[in-house]
Amino acid sequence: MAAANFLPSEDRFLCSICLDVFTDPVTIPCGHNFCKTCITEHCNNNDQYLCPMCKEVFTTRPQLRVNTFISEMVSQFRQSAQQKASSSSSEQQVSKPGEVPCDVCTGPKLKALKSCLVCLASYCETHLEPHLTASGLKRHQLIDPVENLEDRMCLKHDKPLELFCKTDQTCVCVLCPVLDHKTHEFVPLKEEYEEKKAELEKTEAEVQQMIQKRRLKIQEIKQSVELSKANAGREIAEGVQVFTYLKVTVERSQAELIKTIEENQKKTEKQAEDFIKELEQEISELMRRSAEVEKLSHSEDHLHLLQNLPSLSPAPPTKDWTEVIFRPSHEGTVVRAVAQLEETLSKEMKKLLEAELKRVQQYAVDVTLDPDTAHPNLILSDDGKQMSHGDVRKNLPDNPERFSGHIWVLGKQSFSSGRFYFEVQIEGKTEWNLGVARESINRKGPITRSPQNGYWTIHLRNGYEYFSAAGPDVRLSLKSRPQKVGVFVDYEEGLVSFYDVDAAALIFSFTGCCFTEKLFPYFCPGKNYVGKISAPMIISPVNQTE
């Protein structure tokens, strides 16, 4: 039910449930009165039957009895309230504070509808009638009601202000040019009014144009934000596509990429919001000025326009938004993220490789050179750990195990299962060849190293060119020049891997190999070339990385 405001003495007509005037008042056994609908809903919505006012509990649903006395009192009260409302509506035409009262009314001053610039008086609807019907009064200029019509009289000569002094920029009467403004330039108020009105209209048009430009700028910014969102979505999608195949580190990088783009987007939107807020503030100021200008420019009162024009608020300071360029971009975000990811992955890869190298070093074996396989030009150390090329060919038996066409040598130890690892120092050498070979390899005449021929090796040529003997050779791109190479073999896995021990970096891996024979460590120190690469090739003890 609609709420109403009542005097305290009228509280007895209010239902304590809906707090409105009783409708169909009924009484319950405890003597309290309520609207029939209110008390019925109250009983329906509660587990116990109790009075909302005194809280008396009834064992059975209380019987409702119509209260005829209260019904009659409520009826009389409603009639009285309607009469009061009707009476107050007839007084609505009386002028209120801030409204212009009628100058003719002798009783309560009614609200004026128009002011006459000739009579210098304001009239209500009744007293305005002569100006609308009498032929002599019809020629008077009527305007919306204004106060202080005496301000339209010249204070010095007590004449209406009908002229405008362009020299002093003020309104004057017909006597002012003769007595006080003899050499000044004068025009009728209407002429100056038309000129100033045209200027105001021009100003208003300029203000509206400024408003329109700012609205267009807002639209441009909003479109840029939407485009930025689309670009952000595309960048995120590209980033997701780049990172999907990676593991834990990449997933973390993907999340960081999305977070970065979204933060950039938030910054973009915040910047846009700031621009929009500033633009809207300027629009608000311009609209306020526009309203002032429009109100003054629409005035038909010459004197009013000219008198109030100087007090018109100055144009608010505004920014030259043509110089403001809002071009958010997410270009390069993925590239930077991938570069950062590459650096992160490089560090993580180094850690992984260090851990991997440490793991494979656990399978280190003691390898020594087999002199029965060494080419006659090779010089082996007594402990079987070092080898180098000699200029003199030794006279050795040409047994089946010995290499005769290439300066190679095998290790004594062979492996036909499990995992094994060994390290070889090749510091200072410009040529070398290293790896493993199966037992049945050809050891006589020209040999091509390749997995098909039973060799899984890598080698250095010309001091800077690294290759894997993958048949044909595959050039390797290494970040650093290895000084010590580790060789790891997982026989069952079919894996042969080469590591740069000092850099803890993987050089190359042969994968998917099928081993069915014994495997032997394989070495080639390269030719001496008259002492140019005389540094020996050394099988080093394995010191596990920390």
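As a reminder, the structure under discussion sits directly above these lines.
Keep in mind the model is a prediction, meaning the values are calculated, not measured.

1. A look at helix H1 (residues 36-44)
Then, number 1: Every buried residue of H1 is accounted for by Cys38, Ile39, His42 and Cys43. Down the axis of H1, the buried side of the element spans an arc of 130°, and every buried residue falls inside it.
Then, number 2: The inward-facing, buried residues of H1 abut strand E1 (25-27), strand E2 (33-35) and strand E3 (49-50).

2. Quick look at the pattern of salt bridges
Then, number 1: If you walk through the whole model with that rule in mind, you get 19 salt bridges.
Then, number 2: Salt-bridge contacts for Glu282 lead to Arg214; the nearest nitrogen and oxygen are separated by 2.7 Å. One end of the pair, Glu282, is in helix H7 (residues 248-297); the other, Arg214, is in helix H6 (residues 189-243), and 68 residues separate them in sequence. No difference in accessibility class separates Glu282 from Arg214, as the two residues are buried.
Then, number 3: Where Arg288 meets Glu285, a salt bridge forms, and the shortest distance between an N and an O atom there is 3.3 Å. Note that Arg288 and Glu285 are positioned in helix H7 at a spacing of three residues, about one turn of the helix.
Then, number 4: Take Glu285: its relative accessible area is 26%, and that puts it in the partly exposed class.
Then, number 5: A single salt-bridge network, built from bridges that share partners, covers Lys166, Glu192, Glu195 and Lys196.

3. Remarks on the nonpolar core
Then, number 1: Counting 34 residues, the largest nonpolar core has Phe422, Trp432, Leu434, Val485 and Phe523 as the members making the most contacts within it.
Then, number 2: Elements represented by at least two residues in this core include exactly strand E15 (419-425), strand E16 (432-438), strand E17 (455-461), strand E20 (484-490), strand E21 (495-500), strand E22 (505-510), strand E23 (519-524) and strand E24 (537-540).
Then, number 3: Within the second largest apolar cluster, 20 residues are counted, among which are Cys165, Cys176, Val187 and Leu306.

4. A word on the packing of aromatic side chains
Then, number 1: Per the stated rule, a full pass over the model turns up 13 aromatic pairs.
Then, number 2: With a centroid separation of 3.9 Å and an interplanar angle of 15°, the aromatic rings of Phe415 and Phe420 are classed as stacked. For the pair Phe415 and Phe420, a shared accessibility class is recorded, and that class is buried.
Then, number 3: Among the aromatic residues, ring-to-ring pairing joins Phe403, Trp408, Tyr455 and Tyr522 into one connected group.
Then, number 4: Against the face of Trp321 rests Lys319, its NZ or CZ located 4.7 Å from the ring centre.

5. Regarding unusual backbone geometry
Then, number 1: Here the amide bond leading from Gly471 into Pro472 is cis, since omega sits at 5°, within 30 degrees of zero.
Then, number 2: The topology assignment puts Pro472 in the loop between strand E18 (465-468) and strand E19 (474-476).
Then, number 3: Phi at Leu120 is positive, roughly 55°, even though this residue is not glycine.
Then, number 4: Counting through the fold element by element, Leu120 comes out in the loop between strand E6 (114-116) and strand E7 (121-123).
Then, number 5: Backbone geometry places Asn462, a non-glycine residue, at a positive phi of 60°.

6. Here's the deal with the sheet that holds E23
Within a sheet, each strand pairs with its neighbour through backbone hydrogen bonds, oriented either parallel or antiparallel.
Then, number 1: Taken in spatial order, the six strands of this open sheet run E14-E23-E16-E17-E18-E19, and their pairing is antiparallel. Both edges of this open sheet fall to strand E14 (409-410) and E19, since each of them pairs with a single strand only.
Then, number 2: Where E18 lies against E19, three bridges are found, and the strand directions are antiparallel. For Phe467, the partnering residue across the bridge sits in E19 and is Arg475.

Calculation rules
- Residues numbered from 1 in each chain as written.
- Predicted model: local features only at pLDDT ≥ 70, side-chain atom pairs only at ≥ 80, totals over all residues.
- Heavy atoms only, no water.
- Buried < 20%, exposed > 50% of the residue type's maximum accessible area, 1.4 Å probe, protein only.
- Helix = DSSP H or I, 4+ residues; strand = E, 2+ residues; numbered from the N terminus.
- Arc of directions from axis to C-beta.
- Contact = heavy atoms within 4.5 Å.
- Salt bridge = Lys/Arg side-chain N within 4 Å of Asp/Glu carboxyl O.
- Core = buried A, V, L, I, M, F, W, Y, C linked by side-chain atoms within 4.5 Å.
- Phe/Tyr/Trp six-rings, centres within 6.5 Å; stacked < 30°, edge-to-face > 60°.
- Lys NZ or Arg CZ within 6 Å of the ring centre and 35° of its normal.
- Pairing = 2+ DSSP bridges.

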